[in-house]
Amino acid sequence: MDELVRKVDKLQSLYHAVLDAAIEEKDVQKAYRCLKEYQQVRQDIRLRLFTNSVQQVDVPDKKMLAHLQSISSGDDLPTGFLKGLFQDTLNIDQVKELSRELFFSWFDPYGYIEELYEVGSLVVGAGRLPDYLEDLVGEMRHCFVFKQFHATCALCRTVLEISVRDIFELQGLDDPHSDNYIYVEQRISKSNRRWFMDDPDPSLSQMIGMLCLLRPYRHMKKELRDIVSRGNDMVHGNRSVTREEAEYMLRTTLRLIHDMYEVG
């Protein structure tokens with residue numbers, strides 16, 4: 001970490017050197033050399049930081065840590081006339097080298113196709129689906145293929161909630177005058193769950209409870225609640241997620257959504 005601190009200090013001195021050369025000394029060539037060195041040192045810092053999603057740095061100086069955060073996120077770009085001269089890009093050779101180290105060392109195009117083929121997709125006969133459902137299912141599949149298992153599980157819960165809410169409305173459970181609403185109301189009228197019917201914005205758990213009182217959905221209740229429970233645990237960071245769990249969540253979610261839309 002001492003090296004990072006030295007580089008940040010060097011960055012500060014180079015910044016002032018650029019200003020001095022350009023404004024005080026009016027030496028354009030010197031200013032350009034200092035600027036190029038500034039860019040290189042700053043890029044060295046960003047390359048050192050970006051390979052890890054979380055970088056723990058043992059530096060007690062809060063201002064130094066804040067500066068490192070600013071550099072890492074690219075928010076430290078110079079202002080004034082330097083902003084127009086500043087460049088913050090990787091050259092093609094750097095991109096190729098980093099691709100070999102950070103991407104192709106753990107993934108490849110063939111693996112992507114094979115995994116996506118293995119996962120499959122959602123097949124439904126419904127003529128209309130909720131907004132963004134297709135995009136989110138696509139994102140969910142890609143997260144799994146790219147080994148983003150926590151994100152996969154979070155999206156499983158999201159797409160399930162979107163689908164349940166859509167089915168809930170299609171079945172008229174948001175309409176007090178529909179046959180299904182009246183049927184559900186009669187089923188729970190003598191229980192302490194009457195408040196389900198009075199909530200203008202029912203939760204996912206409430207919607208599943210009401211939907212699964214309808215005969216075609218009754219057998220789905222246990223699995224629907226299981227996916228929601230697993231998703232809640234993972235979204236709230238209560239445990240880590242293995243590939244096997246993410247695959248189970250993904251496959252079960254796709255099947256449940258299909259079954260909900262295709263009940264006969």
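For the structure itself, look to the data block above.
Residues numbered from 1 in each chain as written. Predicted model: local features only at pLDDT ≥ 70, side-chain atom pairs only at ≥ 80, totals over all residues. Heavy atoms only, no water.

Peer 1: What is the right way to read the packing of helix 7 (residues 133-145) against helix 12 (residues 243-261) from this model?
Peer 2: Each pair of packed helices can be summarised by the angle the axes make with each other and by the distance between the axes. At a minimum axis distance of 10 Å, the contact between helix 7 and helix 12 shows a crossing angle of 155°. If you check the angle between helix 7 and helix 12, you find them roughly antiparallel. Of the two possible hands of crossing, helix 7 and helix 12 adopt the one that is left-handed. Mapping the contact onto sequence places L133, V137, M140 and F144 in helix 7 and R243, A246, E247, L250, L254 and Y261 in helix 12. The class makeup of the residues in the contact of helix 7 with helix 12 is 8 nonpolar, no polar and 2 charged. (Axes fitted to C-alpha atoms, helices over the stretch in contact; angles between N-to-C directions. Helix = DSSP H or I, 4+ residues; strand = E, 2+ residues; numbered from the N terminus. Parallel < 35°, antiparallel > 145°, perpendicular 65-115°, else oblique. Left-handed = near helix turned anticlockwise from the far one by under 90°. Contact = heavy atoms within 4.5 Å. Nonpolar A, V, L, I, M, F, W, Y, C, P; charged D, E, K, R; others polar.)

Peer 1: Just checking my understanding: could you explain the nonpolar core for this structure?
Peer 2: One broad trend across soluble globular proteins is that nonpolar side chains are buried collectively. Counting residues in hydrophobic clusters, the biggest one holds 43 residues, and the most contacted among them are M140, L160, V164, Y217, L224 and M260. Looking at this core, the elements with two or more residues in it are helix 7, helix 8 (149-170), helix 9 (179-188), helix 10 (204-211), helix 11 (221-235) and helix 12. Ranked by the residues each element gives to this core, the list is headed by helix 8, at 9 residues. Residues contacting V164, with those up to four places away along its chain left out, are L204, M207, I208, L224 and M260. Among the nonpolar cores identified, the runner-up in size contains 13 residues, and L4, L14, Y38 and M64 belong to it. (Core = buried A, V, L, I, M, F, W, Y, C linked by side-chain atoms within 4.5 Å. Buried < 20%, exposed > 50% of the residue type's maximum accessible area, 1.4 Å probe, protein only.)

Peer 1: Which parts of the structure should I look at to understand unusual backbone geometry?
Peer 2: Glycine aside, residues mostly have negative phi, and peptide bonds are mostly found in the trans state. One non-glycine residue, K26, lies in the positive phi region at around 55°. Relative to the helices and strands, K26 is located in the loop between helix 1 (2-24) and helix 2 (28-50). Overall, the relative accessible area of 66% leaves K26 in the exposed class. At K147, a position not held by glycine, the phi torsion is positive, near 65°. Looking at the element boundaries, K147 is found in the loop between helix 7 and helix 8.

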